[in-house]
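Below, each chain spelled out in residue letters.
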Amino acid sequence: MTEEERLAKNTRIREQGKLTREKRKGQVCRVYRVKIDISHLNEAQRVHMKMLFVEAKWLYNDALTFTQKNDINDYDTTTHTVQGLDKDKQPITHELEYLGSQMKQSVIQGIKHSLKSLASLKKHNHTVGSLRYKSDYVSINLQQHSVTYRFYDENHIGLQGFKEHIRIKGANQFWNIPGIELANAKLLNLPDGYYLAITTYQSKGGEQRKYKPEIGIDMGIKTSITTSDGEKYKVLIEESERIKKCQRLIARRKNGSSNRYKARKLLQRAYQRLTSRKKDIANKIVHELLEHERVYMQDENISEWHKGLFGRTVQHSVLGLVKAKLINNERVTVLSSREPTTKYCPVCGKLKKDITLADRVYECPCGYREDRDIHAARNMILLAKKNTCGTQGINAFGEDIRRKQECCNADLVELGSPRFSWSASHKRG
Ligand SMILES: [Zn+2]
C-alpha cells in the first residue's frame with residue numbers, strides 16, 4: 001500500500017466513524033451473551049480455543065515487559081514470537097500460532113486503554129499502581145462483526161482462525177429483533193465455559209408502552225425491598241456448601257501444583273454460579289419494578305450497612321446490583337439519603353424523631369399507623385414530588401448522582417431482558 005492509499009484509507013475510516021456515531025445517537029446499546037457449545041467442537045478446535053487465551057496471555061505479558069522501557073505504541077502487533085518465562089522462571093520463546101491479527105491488536109489496544117486511564121487517574125491526583133502480569137487472560141475483544149467473528153445462522157458462528165463453523169446457544173435472545181446491528185463482541189473464558197458477549201445496537205422503540213402507575217421502593221435489612229403497593233421482596237441467597245468445600249480443598253493442595261490449579265478452577269465455577277443466580281434475581285426484580293411508569297427510591301449506601309451485624313453480605317450484593325441497574329434508568333428518581341422517608345408523617349407532616357430499627361410499625365400521635373417499610377416507600381413518592389417535582393437522576397440536593405453508562409464495555413453492561421416473571425415463592429407479605 002502506498003503512502004497515498006494509506007492516507008485515503010484512514011480518511012475513509014474516519015468519515016465512516018463519524019457517520020456511525022451519528023447513527024448510534026438514535027439507538028440503544030444492548031449486550032447479549034451466547035454460549036459456545038464445546039460438545040460440538042473436535043479436539044483440534046478445543047485446543048485452538050484454549051490456546052487463544054494462553055497466547056493472548058503470553059502476548060499481554062510480553063507487551064507489558066516491553067512498556068517498561070519503551071512506548072507501547074511502538075510494539076509490533078504483527079509479531080509471531082514473544083518472550084516469556086517457563087515454570088522455573090527461565091526465559092523461553094513462545095510461538096503465536098492461533099491468535100488472529102485483529103485479536104493481537106485488541107490485546108495491545110487493551111493495554112493502551114489501561115495505561116491511558118491510569119494516566120488520567122494520576123492526573124487527577126489519585127494514587128495509582130501499575131499494570132500487572134496476568135496468569136489468566138479471560139476476555140478477548142473481537143473488534144469487528146463479519147471480520148473477527150460472524151454469524152452464519154442462528155446457531156453457528158465463525159471465528160477468525162477457525163475453519164469450521166462453531167455451534168452456539170442463545171442467539172434467540174436477539175435474533176428476531178428487526179433492524180438490530182451487531183458491533184464488537186468479546187470472547188470470554190469463564191469458569192463454566194466459553195461465551196461470546198455481543199454488543200448490539202437497536203432502534204429506540206418509538207411505540208408507547210403501557211406502564212403501571214408510579215411506585216416507591218424502600219430497601220432495608222429485614223425485608224430486602226418493599227414497594228409502596230405493599231409488596232415485599234425477600235432476597236436470600238446462601239453461600240453454597242460447595243464453595244466452602246472447594247475452599248477447604250484448595251487449602252489442602254500444595255502451592256503451585258496442578259491439583260491446586262484444578263481446585264481453584266472448581267472454586268471459580270462455584271462462585272460464578274452464585275454470581276449468575278444473583279444477577280438473575282436482580283434482573284427479575286428490576287424488570288418487575290420498571291413495569292411502573294416512574295420509580296422512586298432513596299440513595300442508600302448499601303455497602304455501609306452493618307455488615308457484621310446482619311452478616312448477609314450476599315443478600316446485600318443483590319440489592320447493590322438492583323440499585324446500580326435502577327440508577328441508570330431514566331424512569332427512576334433517586335432521593336438523597338438525607339431525606340426523612342421514615343420519620344415523615346404523610347398525614348400531619350410532622351417528623352417523628354424517636355423511631356428505631358426495631359420499630360416495625362410507624363405510629364404517629366395524629367392517629368396514622370402503617371407498616372414501617374410500606375410507609376417509607378410511600379413517602380419516597382411524596383417527598384420526591386415535594387422537593388424536585390420529579391427531576392430525573394438528580395437528588396433532592398441537586399447533585400447529579402447518575403453514573404455514566406459505559407456501553408462499549410461488554411463486561412460491565414448486562415441488559416438482557418428477563419422474560420419470565422418473578423416467582424411468587426420469593427415474595428412475602
Ligand atoms: Zn401524623
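Scroll up for the structure.
Heads up: these notes are all about the structure in this document. (Residues numbered from 1 in each chain as written. Predicted model: local features only at pLDDT ≥ 70, side-chain atom pairs only at ≥ 80, totals over all residues.)

## Looking at the sheet that holds strand 7 (residues 166-169)
Here's step 1: Strand order in the open sheet made by the seven strands is 4-8-9-1-7-6-5, with antiparallel pairing throughout. Two strands close off the open sheet at either side, each with one partner strand: strand 4 (139-142) and strand 5 (149-153). Across the sheet, the axes of successive neighbouring strands diverge by a mean angle of 35°, strand direction being ignored.
Here's step 2: Two strands pair when backbone bridges link them, and strand 6 (residues 156-159) and strand 7 are joined in this way by two bridges, in the antiparallel orientation. (Pairing = 2+ DSSP bridges. Helix = DSSP H or I, 4+ residues; strand = E, 2+ residues; numbered from the N terminus. Axes fitted to C-alpha atoms, helices over the stretch in contact; angles between N-to-C directions.)

## Regarding the packing of helix 4 (residues 241-252) against helix 5 (residues 258-289)
Here's step 1: Two elements in contact, helix 4 and helix 5, have axes separated by 9 Å at closest approach and are oriented at 165°. Looking at the two axes, helix 4 sits roughly antiparallel to helix 5. Where helix 4 crosses over helix 5, the handedness of that crossing is left-handed. Contacts between helix 4 and helix 5 pair Arg 242, Ile 243, Cys 246, Gln 247, Leu 249 and Ile 250 from the former with Arg 260, Ala 263, Arg 264, Leu 266, Leu 267, Ala 270 and Tyr 271 from the latter.
Here's step 2: Broken down by class, the residue content of the contact of helix 4 with helix 5 amounts to nine nonpolar, one polar and three charged. (Parallel < 35°, antiparallel > 145°, perpendicular 65-115°, else oblique. Left-handed = near helix turned anticlockwise from the far one by under 90°. Contact = placed C-beta atoms within 7 Å. Nonpolar A, V, L, I, M, F, W, Y, C, P; charged D, E, K, R; others polar.)

## Things to note about the environment of Lys 278
Here's step 1: Mapped onto the secondary structure, Lys 278 falls in helix 5.
Here's step 2: As a C-alpha pair, Lys 278 and Ser 317 span 39 residues in sequence and 7.9 Å in three-dimensional space.

## Observations regarding helix 3 (residues 101-123)
Here's step 1: Counted at 1.5 Å a residue, the expected span for helix 3 with its 23 residues is 33 Å, and the 33 Å between its end C-alpha atoms agrees.
Here's step 2: What helix 3 keeps buried is the set Met 103, Lys 104, Ser 106 and Val 107.
Here's step 3: At its buried positions, helix 3 is contacted by helix 2 (43-69) and strand 4.
Here's step 4: Positioned one or two residues after helix 3, Asn 125 has a phi angle of 65°, which is positive. (Expected span 1.5 Å × (residues − 1). Buried ≥ 20, exposed ≤ 12 C-beta atoms within 10 Å, placed from the backbone.)

## Some points on the pairing of strand 14 (residues 332-335)
Here's step 1: Because side chains alternate across strand 14, one face comprises the buried residues Val 332 and Val 334, and the other comprises Thr 333 and Leu 335, equally buried.
Here's step 2: Summarising the sheet, strand 13 (residues 295-298) and strand 14 pair through four bridges and their orientation is parallel. Residue pairing in the sheet places Val 295 in a bridge with Val 332 of strand 14.

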